Amino acid sequence: LVVPDSHVAEVGHSTIERNGTAKPQIGTLPQGLTPVLVEATPGTIIAFNDRLIHGGALNLGSRTRVSAEITLVLDRARVLRDVPGAAIAAATHA
């Protein structure tokens, strides 16, 4: 379940602690933002921006679904220095 375009929208939220981890709790979505079920075949991997509002949905299939959360933390200055043209792209999108 994802909310398209939510990564670029101002969406208010609060934070709760679940199993020692802070998790966002989304309130009311702004007008025009609607959750969409992501349908995928077994073996599909879905990756998205951490600002995209997302969540789980009831598994109606007969196979177990596995979900893993992976966070990649990069040194932005180093990435921009090591990728040709990245500094120009970053400056135009800042």
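In this report, the structure presented in the accompanying data block is examined. Bear in mind that the values here come from a model prediction, so they are computed numbers and not experimental data.

From N to C terminus, the chain includes two helices and two strands. Listing every helix and strand of the chain by position from the N terminus yields β-β-α-α. In the chain, 55% of the contacts between residues at least 6 apart in sequence involve partners at least 24 apart. In the form shown here, the chain has an accessible surface area of approximately 8300 Å², with 55% of it arising from carbon and sulfur atoms.

With that out of the way, let us pick up the side chain of Ser-6. With respect to the element layout, Ser-6 can be found in the segment before β1 (13–18). A polar side-chain atom of Ser-6 sits 2.8 Å from the main-chain amide nitrogen of Ile-53. Among residues more than four places away in sequence, those in contact with Ser-6 are Val-11, Leu-33, Arg-51, Leu-52 and Ile-53.

Where nonpolar side chains cluster on the molecular surface, the patch consists of Val-38, Ile-46 and Phe-48 and spans about 240 Å² of accessible area. Here Ile-46 lies in the loop between β2 (21–26) and α1 (76–82). Take Ile-46: its relative accessible area is 45%, and that puts it in the partly exposed class.

Here Glu-69 lies in the loop between β2 and α1. Judged by its relative accessible area of 63%, Glu-69 is exposed. With 22 residues separating them along the chain, Glu-69 and Ala-47 place their C-alpha atoms 9.7 Å apart.

With phi around 70°, Asp-5 is a residue other than glycine that occupies positive phi space. Following the sequence through the fold, Asp-5 ends up in the segment before β1. Since its relative accessible area comes to 48%, Asp-5 is described here as partly exposed. Even without being a glycine, Asn-19 presents a positive backbone phi close to 55°. Following the sequence through the fold, Asn-19 ends up in the loop between β1 and β2.

Let's shift gears to the pairing of β2. Two elements, β1 and β2, share six bridges in a ladder whose sense is antiparallel. Across the sheet, the residue bridging to Glu-17 is Ala-22, located in β2. In this structure, the hairpin formed by β1 and β2 is closed by a connection of two residues, where Asn-19 is found at a positive phi of approximately 55°.

How each quantity is defined
Residues numbered from 1 in each chain as written. Predicted model: local features only at pLDDT ≥ 70, side-chain atom pairs only at ≥ 80, totals over all residues. Heavy atoms only, no water. Helix = DSSP H or I, 4+ residues; strand = E, 2+ residues; numbered from the N terminus. Contact = heavy atoms within 4.5 Å. Areas by Shrake-Rupley, 256 points an atom, 1.4 Å probe, with all protein chains shown as cover. Polar contact = N/O pair within 3.5 Å; in protein donor to acceptor, adjacent residues only side chain to side chain. Patch = residues over 30% accessible without salt bridge, like charges linked within 9 Å, V, L, I, M, F, W, Y side chains within 5 Å. Salt bridge = Lys/Arg side-chain N within 4 Å of Asp/Glu carboxyl O. Buried < 20%, exposed > 50% of the residue type's maximum accessible area, 1.4 Å probe, protein only. Pairing = 2+ DSSP bridges.

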